[in-house]
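Tertiary structure, described
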Amino acid sequence: MPTKIRHQVRKGQSRGMQLVLTEDVAYVGKQGDLVEVRAGYGRNYLLPHGLATIPSEHNVRLVERYKERVRQAREAKIADLKALAEQLQRANVTIEANANEEGHLYGSVGAPEISKALKALNLMIEPDMVRLEGPIRECALFAVKLNLGYEIETEVKILVVRQQK
């Protein structure tokens with residue numbers, strides 16, 4: 001009776017399972033890193049979801065090629081975001097809100113309203129990119145910080161005016 005050949009996964013220093021990450025995994029490592037994780041986490045989560053592979057020579061070569069393509073795509077994305085940041089610095093956005101005669105808003109202007117106003121100017125900004133200390137509650141000119149990702153931050157000028165009835 002022939003014996004079944006088992007492909008054992010390499011064990012690390014603390015008896016965990018060694019894997020090569022194919023994607024960035026929070027609190028574990030970056031793509032292409034050789035990491036050591038608990039056996040259940042690797043077997044039940046990382047491997048089935050395609051976040052890691054077993055570290056064979058072939059898999060390491062594939063991950064290296066993939067990392068090169070991702071690096072090129074990341075550089076192109078960073079260049080696009082820098083161009084978007086320059087456009088945002090030049091942009092002046094006006095938001096009309098319901099307010100009383102003294103300039104106090106009945107509601108508030110938050111990240112979703114700012115994102116909607118920027119999208120109307122064909123500047124694709126999501127609400128989670130907007131960094132506000134608190135909601136805007138009065139009519140005035142505000143400098144709002146935006147975090148575009150990849151450590152690119154910029155400011156946009158938001159003018160909140162009273163809505164004409």
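Look up a bit, the structure's there.
As a starting point, this report considers the structure included with it. (Residues numbered from 1 in each chain as written. Predicted model: local features only at pLDDT ≥ 70, side-chain atom pairs only at ≥ 80, totals over all residues. Heavy atoms only, no water.)

1. A closer look at the overall build of the chain
Heads up, the condition is: The numbering of helices and of strands both runs from the N terminus, where a helix is a DSSP run of H or I of at least 4 residues and a strand a run of E of at least 2. C-alpha atoms define the radius of gyration in this analysis, and the globule rule sets the expected value at 2.2 Å times the number of residues to the power 0.38. Note on exposure labels: buried denotes an accessible area under 20% of the residue type's maximum, exposed denotes more than 50%, and partly exposed covers the range between, all computed with a 1.4 Å probe on protein chains only. Here, two residues are considered to be in contact whenever any of their heavy atoms come within 4.5 Å of each other. The positive count covers Lys and Arg only, the negative count covers Asp and Glu only, and His and the chain ends enter neither. Positions of charges follow a simple convention, taking NZ of Lys, CZ of Arg, CG of Asp or CD of Glu.
The number of helices and strands found in the chain is three helices and nine strands. The secondary structure elements of the chain, listed N-terminal to C-terminal, are β-β-α-β-α-β-β-α-β-β-β-β. Its C-alpha atoms give the chain a radius of gyration of 25 Å, clearly above 15 Å, the size a compact globule of 165 residues would have. C-alpha extents for the chain along the principal axes are approximately 90 × 30 × 30 Å. Taking all 165 residues of the chain together, 32% fall into the buried category. Restricting the contact set of the chain to residue pairs at least 6 apart, pairs at least 24 apart contribute 49%. Positive and negative side-chain charges of the chain, numbering 25 and 21 respectively, have mean locations separated by a distance of 10 Å.

2. A word on the pairing of strand 9 (residues 152-162)
Selection criterion: For two strands to be treated as a pair, DSSP must find no fewer than two bridges joining them.
Across six bridges, the pairing between strand 4 (residues 92-97) and strand 9 is parallel. Bridged to Ala-97 within strand 9 is Arg-162. When strand 8 (residues 141-149) meets strand 9, the two strands line up antiparallel, connected through eight bridges. Looking across to strand 9, one finds that Val-144 is bridged to Val-156.

3. What about the sheet that holds strand 1 (residues 17-21)?
The condition that has to hold: Note on method: axes are straight lines fitted to C-alpha atoms, helices fitted across the in-contact stretch only, with angles between N-to-C directions ranging 0 to 180 degrees.
Spatially, the three strands line up as an open sheet ordered 2-1-3, and their pairing is antiparallel. Each of the sheet's edge strands pairs with one partner strand only, and the pair in question is strand 2 (34-37) and strand 3 (52-53). With respect to the sheet, helix 1 (residues 39-46) is in contact with strand 1, strand 2 and strand 3, its orientation differing from that of strand 1 by roughly 40°.

4. Let's talk about the pattern of salt bridges
Quick note on the threshold: Each salt bridge in this description consists of a side-chain nitrogen of Lys or Arg and a carboxyl oxygen of Asp or Glu lying within 4 Å of one another.
One pass over the full model with this rule turns up five salt bridges. Arg-71 serves as the salt-bridge partner of Glu-75, at 2.6 Å between the closest nitrogen and oxygen. In this pair, Glu-75 and Arg-71 both sit in helix 2 (residues 57-90), four residues apart, roughly one turn of the helix. Since its relative accessible area comes to 38%, Arg-71 is described here as partly exposed. A single salt-bridge network, built from bridges that share partners, covers Glu-68, Arg-71 and Glu-75.

5. Points about the nonpolar core
Our working rule: The term nonpolar core refers to a set of buried residues drawn from Ala, Val, Leu, Ile, Met, Phe, Trp, Tyr and Cys, joined through side-chain atoms within 4.5 Å.
By size, the foremost hydrophobic cluster in this structure holds 27 residues, and its most contacted members are Ile-114, Leu-118, Ile-125 and Leu-148. Where this core is concerned, the elements lending two or more residues are helix 2, strand 4, strand 5 (104-109), helix 3 (111-120), strand 8 and strand 9. Excluding anything up to four places from it in sequence, Leu-118 contacts Leu-88, Val-93, Leu-123, Ile-125, Leu-146 and Val-156. One finds Met-17, Leu-19, Val-25 and Val-37 within the second-largest nonpolar core, a separate group that totals nine residues.

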